[in-house]
Amino acid sequence: MAELTRYFFVLGATGFGGPVALANIMRRDLVDERGWIDEAAFERGLAVATTCPGPMAYQLGVYCGYVTHGIGGALAAALAFAIAPFAIVVAAAALYQRFAGARVLQGLFYGIGPIVVALILRASWTLGRKTLRRDVAAWCVAVVACGVTVALQRELIVLFLAAGVLGIVAFAPRAKPVPLPPPVLPPPSSLRSLALPPLIALVPSGLAPALFWFFLKTGFLVFGSGLVIVSFVKSYVVDQYHWLDDRTFVDAVAIGLISPGPVVITATFVGYVIAGFTGALAATAGIFLPSIVLTVAATPLLLRYGGRPRVAGFVRGVTVAVVGVLAGTTYLVGRPVIVDAVSALLLVGALAAPLLVKRVPDQAYVVAGAAIGVALRH
C-alpha cells in the first residue's frame, strides 16, 4: 500500500502530457516493468475509465489502486494522485493573480504548450502501437473514432458504446480474456463512510459550496477526458454564471494542460481564482469525487463478468476506440497552441529529440520549452 501511494504521488507530481501520456506511463510502469497488473486487467481498467463519467487518467489510477488493494487502495491512489497537482496549481494560481500581465508568464505559456502537445503525440503513438498491435479491425475502429472526434471537435459516449457493440461481433469470437479474480474487499457500502464525509467536511462556507456542487455535478454528467469537462465548465463558469472572463478561463485551461497530473486539475485553478484557497479545495473535491465512486462501483462488475467472450469483445471495442479518440483530441489540443513557425519548430524538435538523445525525461523537455518561451518573449 505504501509503495502504491508513493507511486501515484510521484506520478501526480511529475506526469505531464494529459490522459494519453498518463495512461501510457501507467501501462509501462505497472504492467511492463513492475508487473502489478496484467495486460488484460489494464485494458479492462481503460474501458472502465472511459465508459464512466469523469477524467480518464484519474479513473484509471483509481482502478489500479482498487484491483491491487481494494477500496483502501482506490482511496490511497485517488488522494495521492491528486494532492501534488492540487498544491502545484494552487501555487500557480496565486502567482497568476499577482503577475498575470508579466511577459515572463506569457513566455512560459508560449514555450511549454508545443512541448506538451509533442509529449501527447508521442504517447498516443506508443499507446496505439501496444494496444492495437497488428489487428487490422482494431486500427480501422481507431481511425474512424479519431476522424469523428476531429470532425465534431468533441468526444461522444455514443461512439464508445457503438465501438463496444461492434467489438462484440468483431472481437469476441477471437478474444482470449484472462480472468482476473476479484481481490478480497470490504463491503462496497463502506465507500461512503470512507470517502464522502471527509471530502464534504473540507468544503467551507461562502461561495465554496456552490463550486463544490457545480463540479460534483460536472464530474457525474460529463464523459471523456479532461478536455471535454473543460468545454462543459466554460459554458457555465464563463457564459452562464460569469464567474470568470474568457481570457482568465483560457489561462486556467493552459495551467491544467501544462501542470502534471490529470487535466481536470483546471478546476482547482478556477476555484482559486473565484474564491481563493477554499474555492480551490471545494472545486477539487467536487470534480474528483465522482470518479472515485463510479470507478469503485463499476470495477467489481467488470471483474466478475470480464472473462466472458462477449464482455471481452465489448471491452476490446471500447479500448481501441479510446486510442482513436485520444489521438483526435490531441489535434484539438494542438490547434490553438501551434500558432507560428517558432511553436511549430518547438513541436518538431520535441518529437525528433528522442531519436537523437535517448532517455531524456519528459520534464526536461518541459523545462527547456519554458526557458525558450521566456527567452523569446521577455
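These numbers come from a predicted model, not from an experiment. (Residues numbered from 1 in each chain as written. Predicted model: local features only at pLDDT ≥ 70, side-chain atom pairs only at ≥ 80, totals over all residues. Heavy atoms only, no water.)

### A short note on the pattern of salt bridges
Here's step 1: If you walk through the whole model with that rule in mind, you get 7 salt bridges.
Here's step 2: As a salt-bridge pair, Arg-27 and Glu-39 come within 2.2 Å of each other at their nearest N and O atoms. With Arg-27 in helix α2 (residues 18-33) and Glu-39 in helix α3 (residues 39-51), the pair connects residues that are 12 residues apart, well separated along the chain.
Here's step 3: Given a relative accessible area of 28%, Glu-39 falls into the partly exposed group.
Here's step 4: Asp-135 is the partner of Arg-316 in a salt bridge, and the nearest nitrogen-oxygen pair spans 3.7 Å. Separated by 181 residues along the polypeptide, Arg-316 in helix α13 (residues 309-334) and Asp-135 in the loop between α5 (103-132) and α6 (136-152) bring together distant segments of the chain. Of the two residues, Arg-316 and Asp-135, neither departs from the other in class, the shared state being buried.
Here's step 5: A network of salt bridges, in which partner residues are shared, links Glu-43, Arg-133, Asp-135 and Arg-316. (Salt bridge = Lys/Arg side-chain N within 4 Å of Asp/Glu carboxyl O. Helix = DSSP H or I, 4+ residues; strand = E, 2+ residues; numbered from the N terminus. Buried < 20%, exposed > 50% of the residue type's maximum accessible area, 1.4 Å probe, protein only.)

### Some thoughts on the packing of aromatic side chains
Here's step 1: Under the definition given, this model contains 14 aromatic pairs.
Here's step 2: Geometrically, the ring pair formed by Tyr-7 and Trp-36 is edge-to-face, given 6.3 Å between the ring centres and 75° between the ring planes. Here Tyr-7, found in helix α1 (residues 2-14), pairs with Trp-36, found in the loop between α2 and α3; they are 29 residues apart in sequence, far enough to count as distant.
Here's step 3: In this structure Tyr-7 comes out as buried when scored by relative accessible area, which is 5%.
Here's step 4: Between the aromatic rings of Tyr-241 and Trp-243, the centroid separation amounts to 4.8 Å while the plane-to-plane angle is 40°, which identifies the pairing as tilted.
Here's step 5: One aromatic cluster in this structure is built from Tyr-7, Phe-8, Trp-36, Tyr-58, Phe-81 and Phe-288.
Here's step 6: The ring of Trp-36 has Arg-34 lying over it, and the distance from NZ or CZ to the ring centre is 5.2 Å. (Phe/Tyr/Trp six-rings, centres within 6.5 Å; stacked < 30°, edge-to-face > 60°. Lys NZ or Arg CZ within 6 Å of the ring centre and 35° of its normal.)

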